[in-house]
Amino acid sequence: MRLSSGLLITFEGGEGAGKTTLIEEVARQLQSEGYPLIKTREPGGTKMGEEIRHLLLQHSDTKVSPYAELCLFLASRAQHVAQVIGPALEEKKIVLCDRFNDSTIAYQGAARGLGIDRVTDFCAFASQGVEPNLTLYLDIDPAIGLSRAQRTRAQDRIESETISFHTKIRETFHSLHRAYPHRLYLVDAEQPIAKVFSDAMELIHRLISRECHV
Ligand code: Z5A
């Protein structure tokens, strides 16, 4: 199946919302339909980005400055766009990306208090103007998401933040949905996995038929 242009689809959500699970299912489905795609994630997606990810998520004795944290997420993104996402879009592939600019706006801009407008500008700079064609925000009560995530592994540095921090993230995503209703959609992540998947595929198929007639 050939596309007339590349498509960047980003997946956002609080801890344990089900992004990783959903991306696997979506990738399997789109591949079975013959679409060329890559799966990737942030922070990470490149060798440099994975090293930055380790730095960012490990527990540390050092109190990490929110400014340093922001710059590290942006450095990972800049490399990721230059080395992986940009070239894949040029090759007219679908890029399924686990988190992108909206996470930085919610976590660093809102929850860390660095400012939504300022962080939005920094994100546009780091991502070199590349923007998602579609963002699926997996919406879940933070307490449910955290308990799901804890079932499978230990909490990382950011997950260990307070519940009010995670609630702030959710509220910010709801306001991003109001600001960008044609790009960022809420998907109810408290539903069974099969329903989350079918809701997501409906939005993705709609995007493909709207943007990519060949
Ligand atoms: N961060 C940031 O601050 N600024 C930035 O700019 C960026 C990121 C890019 C790393 O993200 C951290 O970096 C993250 C935000 C911050 N920190 N926090 N907190 P990450 O995406 O790598 O980590 P994560 O959000 O913690 O992902 P996760 O815990 O791996 O969650 P997930 O991928 O959304 O969920 P999952 O692994 O698919 O599912 C979790 C469990 O739930 C698993 O057992 C599933 O089988 C189960 N599951 C999934 N869906 C369902 C449904 N529908 N029902 C029941 N059970 C389900």
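The structure under discussion appears in the preceding block.
Residues numbered from 1 in each chain as written. Predicted model: local features only at pLDDT ≥ 70, side-chain atom pairs only at ≥ 80, totals over all residues. Heavy atoms only, no water.

Student: What's the story with the pattern of salt bridges in this structure? I'm lost.
Tutor: Side-chain pairs of opposite charge can arise where the charged atoms are in close proximity. In total, this model carries 15 salt bridges according to the counting rule given. Of the charged contacts in the structure, one is a salt bridge between Asp102 and Arg183, with a shortest N-O distance of 2.6 Å. Separated by 81 residues along the polypeptide, Asp102 in helix H4 (residues 101-111) and Arg183 in the loop between helix H7 (163-179) and strand S5 (184-188) bring together distant segments of the chain. Grouping residues by exposure puts Asp102 and Arg183 together as buried. (Salt bridge = Lys/Arg side-chain N within 4 Å of Asp/Glu carboxyl O. Helix = DSSP H or I, 4+ residues; strand = E, 2+ residues; numbered from the N terminus. Buried < 20%, exposed > 50% of the residue type's maximum accessible area, 1.4 Å probe, protein only.)

Student: Can you walk me through the environment of Asp199 in this structure?
Tutor: Relative to the elements of secondary structure, Asp199 occurs in helix H8 (residues 193-211). A sequence separation of 13 residues divides Asp199 from Leu186, and the C-alpha atoms of the two residues are 9.9 Å apart. Excluding residues within four positions of it along the chain, Asp199 makes contact with Val187 and Gln191. (Contact = heavy atoms within 4.5 Å.)

Student: Help me understand the sheet that holds strand S4 (residues 134-139) in this model?
Tutor: Through backbone hydrogen bonds, the strands of a sheet pair up, either in parallel or in antiparallel fashion. Strand order across the open sheet formed by five strands is S2-S3-S1-S4-S5, with parallel pairing between neighbours. The open sheet has two edge strands, strand S2 (37-41) and S5, and neither has a second partner. Each strand of the sheet is rotated relative to its neighbour by a mean of 20°, with strand direction disregarded. As judged from the five bridges shared by strand S1 (residues 7-13) and strand S3 (residues 94-98), these two strands associate in the parallel manner. Paired with Thr10 across the bridge in S3 is Cys97. Contacts between helix H1 (residues 19-32) and the sheet are confined to S1, S2, S3 and S4, with S3 contributing the most and set at about 170° to the helix. (Pairing = 2+ DSSP bridges. Axes fitted to C-alpha atoms, helices over the stretch in contact; angles between N-to-C directions.)

Student: Is there a simple way to think about the pairing of S1 in this case?
Tutor: Among the seven residues in S1, seven count as buried, and that is most of the element. Residue alternation in S1 divides its side chains into two sets, Leu7, Ile9, Phe11 and Gly13 and Leu8, Thr10 and Glu12, and both sets are buried. The pairing of S1 with S4 spans five bridges and is classified as parallel. Residue pairing in the sheet places Ile9 in a bridge with Leu134 of S4.

Student: How should the nonpolar core be read in this particular structure?
Tutor: Nonpolar side chains tend toward joint burial in soluble globular proteins. In terms of nonpolar packing, the biggest core is built from 30 residues, with Leu30, Ile94, Leu96 and Ile204 touching the most fellow members. Contributing elements (two or more residues each) for this core: S1, H1, S3, S4, S5 and H8. No other element matches the eight residues that H8 contributes to this core. Not counting the four nearest positions on each side in its chain, Leu30 is found in contact with Tyr35, Leu37, Ile94, Leu96, Met201, Ile204 and Ile208. Formed by 20 residues, the second largest nonpolar core is a distinct cluster that contains Cys123, Ala126, Ile158 and Leu184. (Core = buried A, V, L, I, M, F, W, Y, C linked by side-chain atoms within 4.5 Å.)

Student: I would appreciate a short explanation of the packing of aromatic side chains in the present structure.
Tutor: Two descriptors summarise a pair of aromatic rings, namely the distance from one centre to the other and the angle between the planes of the rings. Overall, the coordinates contain two aromatic pairs when judged by the stated rule. Considering the side-chain rings of Tyr107 and Phe165, the 6.1 Å spacing of their centres and the 55° angle between planes classify their relative orientation as tilted. Taken together, the positions of Tyr107 in helix H4 and Phe165 in helix H7 put the pair 58 residues apart, joining distant regions of the chain. In this structure, Tyr107 and Phe165 share a single accessibility class: buried. (Phe/Tyr/Trp six-rings, centres within 6.5 Å; stacked < 30°, edge-to-face > 60°.)

Read these as layout, nothing more, since geometry by itself doesn't imply function.
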